[in-house]
Amino acid sequence: MSARTRRLTTAQALVRFLAAQYTERDGVRHRLITGTWGVFGHGNVAGIGQALVEYADVMPFHQGRNEQAMVHAAVGHARHLDRLSAQAVTTSIGPGATNLVTGAALATINRLPVLLLPGDYFASHAADPLLQQLEHPLAGDVSVNDTLRPVSRYFDRITRPEALIPAALNAMRVLADPAETGAVTLALPQDVQAEAADWPEEFFADRVWRVRRPAPDPLELADAAQTIRSAARPLIVAGGGVHHSAAEEALEALADATGIPVAATQAGKGSLRHDHPADLGAVGHTGTAVADAVARTADLVIGVGTRHTDFTTASGTLFQHPAVRFLNLNITGFDAHKLAARTLVCDARTGLELLTEALSGYRVDPAYEAEYRAGKERWDRVVEAAFRGADDAVPTQTQVLGALDAVVGDTDVVLNAAGSLPGDLHKLWRARSPRQYHLEYGYSCMGYEIPAAIGVQLAAPGTPVWALVGDGTYLMNPTEIVTAVQERLPVKLVLVQNHGYASIGGLSESVGAERFGTDYRHRAPDGTFTGDPLPVDLAANAASLGMDVLRAKTLRELRAALATARAATRPTCVYVETDPAPTAPPAEAWWDVPVAEVSSRAPATAAREEYVRALADRRRHL
């Protein structure tokens, strides 16, 4: 072997390469791929599996139970680390590979990096068809991994060893680029994984991918400053890009200097502390009364790092000022141009800092400040009422949140993704630090919470990490509890039992579907699921997977259980059955879920009439 090359299998070369990749932002270096998750089968055990054994000293390995969950864990890890580090996920071919699709979609929609390494068919077609191979009669180069193409920001199939070099470099480029990042897929034919080649030593040298902070175009910046100065009622909508850029202090400085109020999307909540005078809390369909009232009358909406989803815009019905304009500060031009906005295409922190300088001397009218601060005080009283309950009563879901609010510290992390909890959390949770509120709501994927909590716990050892899970979500994906037990990770699971899909049940009722198929109950004589609740003991299930379980029947018991869980050094579950009586404040803004145009059933007819009335408020912002 030449002194300038090294003979390795393709899989060995890839693992060794990944161990030498770094990101750097603001002069601080971070390892880009901090570890690899895997479930092994015939499509990766002899290639990537063997390579991970070969290089166990430089590439940490985490044993997962479900391929989708492994992606969720990697995504939670990357989000907590501001996208500066990511993890890889290796699978066999067939169902192991297709199980990645949901996680990949979640990563790409949320603009979060993850590297996917699914096994693939033999590139040589020597064994054809092999076990679990998809045979396409008109295309011999198609495999099940092609399902990952639309949900990946970069995709390549490595059909020759030498093809790995450009593909691996492109994969790192995309993972490290804040404007491009998401799921990246390198499909690995199993024969190529095990094939040896002579690799240049330069391929394995430490490589640093600098994460840029691009500044805005000077003319765009001047136009943005003038636009803000001419506005009477500006409102900032903070999205996830504020966190990804570590721009929280820059946002606070802008709010302090100008008095412009700040409302937050699900991804942006915590951009300001809940007690900052300019923080109005959540905006949109699950928004606070004060944030949505200000949004309806804002003449300028300044989006910072947000995608302006339908929950944020209330399906185009929220921003009702006759002359409302939009200004979007975003690192991607694609998101910056939404709502026909004026644009600042730049890094969030850099853009906010320059915008604050350009607005020197500007401040909103004192009457506007007084108005939104009074609204904030009124909403704080609403939150207190929702959190309050009798010590010996069965707690409602909002009282569960109140009990948790009283126990957590400023740097605890609270995770959730789906069900009725996201709406209650968005409205009511009082975020005390930038990383405390961790809601995956781009894909709102049931089953995200437990594995993501593991990913965050790996990213932040010693930090209390809470996964809030309803019974519907728990039944979707509880298996990574075993991983938390195996890794001795003291994640805290708050398991809320309400016997069904509470969120979709309420939505079903509002759109005329009469809660059909949303409760977990025995089938009644008329064929509907309206009998007694199912005798399923989820706490016993969590215990059987290795968790310590604390059962709480009253609000007093719940507070004690949460305090015990926070101090625990093992994976611990707090199980609580809630009073189904609604105690959350009602929605302050609409959400468009189309209703049947014709029906013989009265609930659907009434829902359609209400739907048509709501549609009248929709605007096209052009």
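Quick caveat, the model's predicted, so the values are computed rather than measured.

Conventions and cut-offs
Residues numbered from 1 in each chain as written. Predicted model: local features only at pLDDT ≥ 70, side-chain atom pairs only at ≥ 80, totals over all residues. Heavy atoms only, no water. Helix = DSSP H or I, 4+ residues; strand = E, 2+ residues; numbered from the N terminus. Buried < 20%, exposed > 50% of the residue type's maximum accessible area, 1.4 Å probe, protein only. Axes fitted to C-alpha atoms, helices over the stretch in contact; angles between N-to-C directions. Parallel < 35°, antiparallel > 145°, perpendicular 65-115°, else oblique. Left-handed = near helix turned anticlockwise from the far one by under 90°. Contact = heavy atoms within 4.5 Å. Nonpolar A, V, L, I, M, F, W, Y, C, P; charged D, E, K, R; others polar. Phe/Tyr/Trp six-rings, centres within 6.5 Å; stacked < 30°, edge-to-face > 60°. Lys NZ or Arg CZ within 6 Å of the ring centre and 35° of its normal. Patch = residues over 30% accessible without salt bridge, like charges linked within 9 Å, V, L, I, M, F, W, Y side chains within 5 Å. Areas by Shrake-Rupley, 256 points an atom, 1.4 Å probe, with all protein chains shown as cover. Salt bridge = Lys/Arg side-chain N within 4 Å of Asp/Glu carboxyl O. Pairing = 2+ DSSP bridges. Expected span 1.5 Å × (residues − 1). Arc of directions from axis to C-beta. Core = buried A, V, L, I, M, F, W, Y, C linked by side-chain atoms within 4.5 Å.

Remarks on unusual backbone geometry
And step 1. Following Asp128, the chain continues into Pro129 via a peptide bond in cis, with omega recorded as 0°.
And step 2. Turning to its location among the elements, Pro129 is positioned in the loop between strand 7 (114-120) and strand 8 (154-157).
And step 3. Non-glycine residue Ser444 carries a positive phi angle of around 40°.
And step 4. Examined against the element boundaries, Ser444 turns out to sit in the loop between strand 19 (437-439) and helix 18 (449-459).
And step 5. Its identity is not glycine, yet Arg515 carries a phi of approximately 60°, on the positive side.
And step 6. The topology assignment puts Arg515 in the loop between helix 21 (502-510) and helix 22 (538-544).
And step 7. The exposure class assigned to Arg515 is partly exposed, which follows from its relative accessible area of 32%.

Considerations on the packing of helix 16 (residues 397-407) against helix 23 (residues 555-567)
Axes are the key here: two packed helices are described by the angle between their axes and the distance separating the axes.
And step 1. Following both chains from N to C, one finds helix 16 and helix 23 inclined at 40°, their axes separated by 9 Å at the closest point. As summarised for this structure, helix 16 and helix 23 are arranged oblique, according to the angle between their axes. Crossing handedness for the pair helix 16 and helix 23: right-handed. Residues Gln399, Val400, Ala403, Leu404 and Val407 of helix 16 pack against Leu555, Leu558, Arg559, Leu562, Ala563 and Arg566 of helix 23.
And step 2. Broken down by class, the residue content of the contact of helix 16 with helix 23 amounts to 8 nonpolar, 1 polar and 2 charged.

Focus: the packing of aromatic side chains
And step 1. Within this structure, the stated rule accounts for 10 aromatic pairs.
And step 2. When the ring of Trp199 is compared with that of Phe203, the centres are 5.9 Å apart and the planes differ by 20°; the resulting orientation is stacked.
And step 3. Where Tyr501 meets Tyr520, the ring centres are 5.1 Å apart and the plane angle is 70°; that geometry is what we call edge-to-face. Within this pair, whereas Tyr501 is found in the loop between strand 21 (492-497) and helix 21, its partner Tyr520 is found in the loop between helix 21 and helix 22, the two being separated by 19 residues in sequence.
And step 4. Residue classification places Tyr501 among the partly exposed positions, given a relative accessible area of 28%.
And step 5. The residue whose ring lies beneath Arg551 is Tyr575, and the NZ or CZ to ring-centre distance is 5.6 Å.

Observations regarding a nonpolar patch on the surface
And step 1. There is a patch of nonpolar side chains on the surface, built from Phe40, Val45 and Phe61 and spanning about 240 Å² of accessible area.
And step 2. Structurally, the position occupied by Val45 is in helix 2 (residues 45-54).
And step 3. On the basis of relative accessibility, which here comes to 44%, the residue Val45 falls in the partly exposed class.

Focus on the sheet that holds strand 12 (residues 234-238)
And step 1. Taken together, the 6 strands give an open sheet; going across it, the order is 14-13-12-15-16-17, and neighbouring strands pair in parallel fashion. Edge positions in the sheet fall to strand 14 (279-282) and strand 17 (342-345), since each of these pairs with one other strand and no more. Each strand axis lies, on average, 20° off the axis of its neighbour in the sheet, ignoring direction.
And step 2. Examined bridge by bridge, strand 15 (residues 300-304) and strand 16 (residues 325-330) share 5 bridges and lie parallel to one another. Bridge pairing links Leu300 to Arg325 in strand 16.

Re the pattern of salt bridges
One side chain can pair with another of opposite charge once the charged atoms of both are near each other.
And step 1. All told, the structure shown has 37 salt bridges when counted by the stated rule.
And step 2. Where Glu369 meets Arg363, a salt bridge forms, and the shortest distance between an N and an O atom there is 3.0 Å.
And step 3. A relative accessible area of 39% places Arg363 in the partly exposed class.
And step 4. Arg430 is the partner of Glu384 in a salt bridge, and the nearest nitrogen-oxygen pair spans 2.7 Å. Taken together, the positions of Glu384 in helix 15 (residues 366-387) and Arg430 in the loop between helix 17 (421-428) and strand 19 put the pair 46 residues apart, joining distant regions of the chain.
And step 5. On the accessibility criterion, Glu384 (36% relative accessible area) is partly exposed.
And step 6. Where salt bridges share partners, they join Asp26, Arg213, Asp347, Arg349 and Glu353 into one cluster.

Remarks on the sheet that holds strand 7
And step 1. Spatially, the 6 strands line up as an open sheet ordered 5-4-6-7-9-8, and their pairing is parallel. One side of each edge strand has no neighbouring strand; the edge strands of this open sheet are strand 5 (61-63) and strand 8. Strand-to-strand, the axes of this sheet are offset by a mean angle of 20°, without reference to chain direction.
And step 2. By the bridge criterion, 5 bridges tie strand 7 to strand 9 (residues 183-189) in an arrangement that is parallel. Looking across to strand 9, one finds that Leu116 is bridged to Thr185.
And step 3. Strands strand 4 (33-38), strand 7 and strand 9 of the sheet are contacted by helix 1 (residues 10-18), whose axis makes an angle of about 175° with strand 7.

Some points on the environment of Gly38
And step 1. Secondary-structure assignment places Gly38 in strand 4.
And step 2. Measuring from C-alpha to C-alpha, the distance between Gly38 and Ser143 comes to 20 Å, with 105 residues separating the pair along the chain.
And step 3. Apart from the residues lying within four places of it in its own chain, the contact partners of Gly38 are Phe61, His62, Gln63, Gly64, Met70 and Thr90.

A word on helix 23
And step 1. With 13 residues, helix 23 should reach 18 Å at 1.5 Å per residue; the first-to-last C-alpha distance of 19 Å fits that figure.
And step 2. All buried positions along helix 23 are accounted for by Leu555, Leu558, Ala561, Leu562 and Ala565. Relative to the axis of helix 23, the buried residues are bounded by an arc of 115° and lie together on one face.
And step 3. Looking at the buried positions of helix 23, the neighbouring elements they touch are helix 16, strand 20 (465-470), strand 21, strand 22 (548-552) and strand 23 (572-577).

Some points on the nonpolar core
And step 1. In this structure, Ile228, Trp466, Leu468, Leu558 and Leu562 are the most contacted members of the largest nonpolar core, which totals 80 residues.
And step 2. If you tally residues by element for this core, the top one is helix 15, at 6 residues.
And step 3. Once you skip the residues sitting within four places of it in the chain, Trp466 turns out to touch Leu404, Val407, Val408, Asp412, Val413, Val414, Leu415, Lys492, Val494, Leu562, Ala565 and Arg566.

Looking at the pairing of strand 3 (residues 28-31)
And step 1. Bridge count for strand 2 (residues 21-25) against strand 3 is 4 bridges, and the pairing is antiparallel. Note that in strand 3 the partner of Arg25 across the bridge is Val28.
And step 2. Here strand 2 folds back onto strand 3 in antiparallel fashion, the turn holding 2 residues, of which Asp26 has a positive phi close to 55°.

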